[in-house]
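# Chains, contacts and geometry: an overview
Listed below are the residues making up each chain.
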Amino acid sequence: MAVLLLAGPAPAQTGPDMIAPPLEMDEAGIYCPAEHVSKEPAPNTESGYILLTQGNPDLALTSRVVPAYIGISFGIRIRLAPGTAPGPYLFTVRHPPIGPRQVTVESWDPALSANWGVRSFNFEFDRELVPGTWTFEVSHGDETLLRQSFEVVPAMQAPAAIDICFGNSFVS
């Protein structure tokens, strides 16, 4: 496995890599663990499901540099512009190979509406803690409406989110 070494944190990015109507993005970054209320089948994912949370988690840190640490979630708060007809839309995450099948692309229905909602990836298993570029995309048919990239790094290279989410429990 290649290891990405950074001299320091990457500069804060204020917007998505790209976005097009009717999609709107409020924020992107790191979210602390939220209570998962259920699982929904998602056959085009490495685990075969997505975790659902109740409510809308608060952004913990506006950063595109994400520590590879169990419990950390990272993603985007998005919605369809008011008055936009519903889907179908597809949420896709592209990342370095993970799991025994070496999956690099996962996708599912993001259930978009005119209400703001977080769409994220949660580090649930050790096999997911792979440094590299992770890119989120939202598409409608053949058209990509949003692309947002994150750089996942070894936990010791981005301890701020761990400290915020887990009460300064990060140990080097």
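The structure this text deals with has already been given above.
Report follows, based on the coordinates.

Here is what the cut-offs are and how they apply
- Residues numbered from 1 in each chain as written.
- Predicted model: local features only at pLDDT ≥ 70, side-chain atom pairs only at ≥ 80, totals over all residues.
- Heavy atoms only, no water.
- Helix = DSSP H or I, 4+ residues; strand = E, 2+ residues; numbered from the N terminus.
- Buried < 20%, exposed > 50% of the residue type's maximum accessible area, 1.4 Å probe, protein only.
- Phe/Tyr/Trp six-rings, centres within 6.5 Å; stacked < 30°, edge-to-face > 60°.
- Pairing = 2+ DSSP bridges.
- Axes fitted to C-alpha atoms, helices over the stretch in contact; angles between N-to-C directions.
- Contact = heavy atoms within 4.5 Å.
- Salt bridge = Lys/Arg side-chain N within 4 Å of Asp/Glu carboxyl O.
- Polar contact = N/O pair within 3.5 Å; in protein donor to acceptor, adjacent residues only side chain to side chain.
- Core = buried A, V, L, I, M, F, W, Y, C linked by side-chain atoms within 4.5 Å.

### Observations concerning unusual backbone geometry
Following Pro 21, the chain continues to Pro 22 via a peptide bond in cis, the omega torsion being 10 degrees. Mapped onto the secondary structure, Pro 22 falls in the loop between β1 (18-19) and β2 (23-31). Cis geometry is adopted by the peptide bond preceding Pro 88, which originates at Gly 87 and carries an omega value of 15 degrees. Its place among the elements puts Pro 88 in the loop between β7 (73-80) and β8 (90-98). In the Ramachandran plot, Gln 102 falls in the positive-phi region, its phi being about 55 degrees despite a non-glycine side chain. Position of Gln 102 relative to the elements: it lies in the loop between β8 and β9 (103-108). In this structure Gln 102 comes out as partly exposed when scored by relative accessible area, which is 46%. With a phi angle near 50 degrees, Ala 111 is a residue other than glycine that sits in the positive phi range. Here Ala 111 is to be found in the loop between β9 and β10 (117-122). The class for Ala 111 is exposed, based on a relative accessible area of 55%.

### Some remarks on the packing of aromatic side chains
For any pair of aromatic rings, the description rests on two quantities: the centre-to-centre distance and the angle between the ring planes. According to the stated counting rule, one finds twelve aromatic pairs in the structure shown. Ring plane angle 45 degrees and centroid distance 5.0 Å describe the contact between Phe 91 and Trp 108, whose orientation is recorded as tilted. Note that Phe 91 is positioned in strand β8 and Trp 108 in strand β9, a separation of 17 residues in sequence. As far as the burial class goes, Phe 91 and Trp 108 line up, both buried.

### Structural notes on the sheet that holds β10
The strand order β5-β2-β7-β10 describes an open sheet built from four strands, whose pairing is antiparallel. Only two strands of the sheet have a single neighbouring strand rather than two, namely β5 (59-61) and β10. On average, each strand axis in the sheet is inclined to that of its neighbour by 35 degrees, with strand direction left out of account. Here β2 pairs with β7 via eight bridges, running antiparallel. Residue pairing for β7: Glu 27 is matched across the bridge by Arg 77. Here helix α1 (residues 159-166) sits on the sheet in contact with β2 and β5, set at roughly 135 degrees to β5.

### Focus on the pattern of salt bridges
Per the stated rule, a full pass over the model turns up five salt bridges. We note a salt bridge from Glu 24 to Arg 79, for which the minimum N-O separation is 2.7 Å. Taken as a pair, Glu 24 in strand β2 and Arg 79 in strand β7 lie far apart in primary sequence, 55 residues in all. You can call Arg 79 buried: its relative accessible area is 19%. Two residues, Arg 77 and Glu 27, come together in a salt bridge whose shortest N-O distance is 2.7 Å. A residue pair is termed long-range when its members are at least 10 positions apart, and Arg 77 in strand β7 and Glu 27 in strand β2 qualify at 50 residues. Across this residue pair, the class does not change: Arg 77 and Glu 27 are buried. Through salt bridges with shared partners, a single network forms among Arg 94, Glu 137 and Arg 147.

### As for the side chain of Arg 79
At 2.7 Å, the side chain of Arg 79 and the side chain of Glu 24 are in polar contact. With sequence-adjacent residues up to four places away left out, Arg 79 is seen in contact with Pro 22, Leu 23, Glu 24, Ser 113, Ala 114, Asn 115 and Trp 116.

### Remarks on the nonpolar core
Among the nonpolar cores identified, the biggest contains 32 residues, and Val 66, Phe 74, Ile 76, Phe 123, Trp 134, Phe 136 and Val 138 are the most heavily contacted of them. Broken down by secondary-structure element, the contributors of at least two residues to this core are β2, β6 (65-68), β7, β8, β11 (132-140), β12 (143-154) and α1. Ignoring sequence-local partners within four residues, the contact set of Phe 74 consists of Gly 29, Ile 30, Tyr 31, Val 66, Ser 120, Phe 121, Phe 123, Trp 134, Phe 136, Phe 150 and Val 152.

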